[in-house]
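Residue strings, one per chain:
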Amino acid sequence: MDIEVDALDNTAGIDRRNKAIETVQDWAAATGREPEISYTLPTTTKGLAASGLALLRNAMANGARADVANIMTLDYYDNALHDMAQDTTKTVAQGLYDRLARRCPSKTPDQLWGVIGITEMPGVDDFGWPRRDFSLTASPATATLKAGGSTTSTVQTSATAGTARTVTLTASGAPAGVTASLIPPQ
């Protein structure tokens, strides 16, 4: 069951679905079948989103067994740069495991890890390639100096995408009549 967007906020629909799953599971048990129910749910960088947790709580309350909680580690929709592999293995999956361990204390670690599914997006997520873009403004933008003189210019930086970077601009020892241009590193 891939449950996303508006379906996560439809509590009546969630309740109906989980009751229907419980009915199917009861019927399957009575007829010697073993269906496997996997819930594919959105996540944050710390584990399942609150809406996914509410869906699983409703499943338990209705007697529906979730065989797999499959977390979608595709996007976190937080407009931040992420090391997706690091987030998936160190925080997202561990966050889900920790919640399951609290809710199901009789389960062994192997049993808990056995019900965690992960859908990872290889390549670019919905936010595109991480990039850094920033602008610089200097005041004053230019200065003329006599030999041995000095000047100061205040440089303002502004990140327009990604994270801010420190920029260091230096010019010294230029002989008279020479123009020094300072270009920030890329």
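Before reading on, note that the structure itself is shown above.
Worth saying up front: this structure is predicted, and the values here are computed from it rather than measured.

*Asks:* Looking at this structure, I do not really get the sheet that holds strand S3 (residues 68-73). What am I missing?
*Replies:* By definition, the strands of a sheet pair up through backbone hydrogen bonds, in either a parallel or an antiparallel sense. If you walk across this open sheet you meet the four strands as S2-S1-S3-S4, and the pairing is mixed. With partners counted over all chains shown, the strands left at the sheet margins are strand S2 (47-48) and strand S4 (116-120), one partner each. Alignment of strand S1 (residues 38-44) against S2, held across two bridges, turns out to be antiparallel. When the bridges of S2 are listed, Thr44 appears paired with Gly47. Against the sheet, helix H3 (residues 84-103) engages S1, S2, S3 and S4, with an angle of about 155° to S4.

*Asks:* What is the right way to look at H3 in this model?
*Replies:* Taking 1.5 Å of rise per residue, the 20 residues of H3 would be expected to cover 28 Å, and the 27 Å separating its terminal C-alpha atoms lies within 8% of that figure. At Gln94, H3 shows its largest kink, close to 30°. Along H3, the residues classified as buried are Met84, Asp87, Thr88, Val92, Ala93, Gly95, Leu96, Tyr97 and Leu100. Those residues of H3 hidden inside the fold are in contact with S1, S2, S3, helix H4 (109-114) and S4.

*Asks:* Is there a simple way to explain the layout of surface pockets in this structure?
*Replies:* A water-sized probe, rolled over the atoms, reveals where empty space remains. Computed from the structure, the second largest pocket encloses a volume of approximately 390 Å³. The leading source of residues in the lining of the second largest pocket is helix H2 (residues 50-61), at five residues. Residue composition of the lining of the second largest pocket, by class: 13 nonpolar, one polar and six charged.

*Asks:* For this particular structure, what's the right way to read a positive patch on the surface?
*Replies:* A cluster of like positive charges, contributed by Arg57, Arg99, Arg102 and Arg103, occupies part of the molecular surface. Looking at the positive patch element by element, the count peaks at three residues for H3. Overall, Arg57 belongs to the partly exposed group, its relative accessible area being 39%.

*Asks:* Would you mind going over the environment of Trp113 with me for this structure?
*Replies:* Of note, Trp113 is situated in helix H4. Residues Trp113 and Ala69, 44 residues apart in the sequence, show an inter-C-alpha distance of 10.0 Å. When residues no more than four places from it in sequence are discounted, the contact partners of Trp113 are Ala93, Gln94 and Tyr97.

*Asks:* Before we go on, may I ask you to explain the packing of aromatic side chains in this structure?
*Replies:* Under the criterion given, the structure shown has one aromatic pair. For the ring pair Tyr97 and Trp113, a centre distance of 4.6 Å and an interplane angle of 15° mean the geometry is stacked. Pair noted here: Tyr97 is in helix H3 and Trp113 is in helix H4, with a separation of 16 residues, a long-range link.

Rules used throughout
- Residues numbered from 1 in each chain as written.
- Predicted model: local features only at pLDDT ≥ 70, side-chain atom pairs only at ≥ 80, totals over all residues.
- Heavy atoms only, no water.
- Pairing = 2+ DSSP bridges.
- Helix = DSSP H or I, 4+ residues; strand = E, 2+ residues; numbered from the N terminus.
- Contact = heavy atoms within 4.5 Å.
- Axes fitted to C-alpha atoms, helices over the stretch in contact; angles between N-to-C directions.
- Expected span 1.5 Å × (residues − 1).
- Bend = angle between axes of the 7 residues up to and from the residue.
- Buried < 20%, exposed > 50% of the residue type's maximum accessible area, 1.4 Å probe, protein only.
- 1 Å grid on protein atoms, 1.4 Å probe; cavity = no way out; pocket = protein on both sides within 12 Å on 5 of 7 lines; lining within 4 Å.
- Points joined across faces, edges and corners; volume = space filled by probe spheres on them.
- Nonpolar A, V, L, I, M, F, W, Y, C, P; charged D, E, K, R; others polar.
- Patch = residues over 30% accessible without salt bridge, like charges linked within 9 Å, V, L, I, M, F, W, Y side chains within 5 Å.
- Areas by Shrake-Rupley, 256 points an atom, 1.4 Å probe, with all protein chains shown as cover.
- Salt bridge = Lys/Arg side-chain N within 4 Å of Asp/Glu carboxyl O.
- Lys, Arg positive; Asp, Glu negative; His and termini not counted.
- Charge placed at Lys NZ, Arg CZ, Asp CG, Glu CD.
- Phe/Tyr/Trp six-rings, centres within 6.5 Å; stacked < 30°, edge-to-face > 60°.

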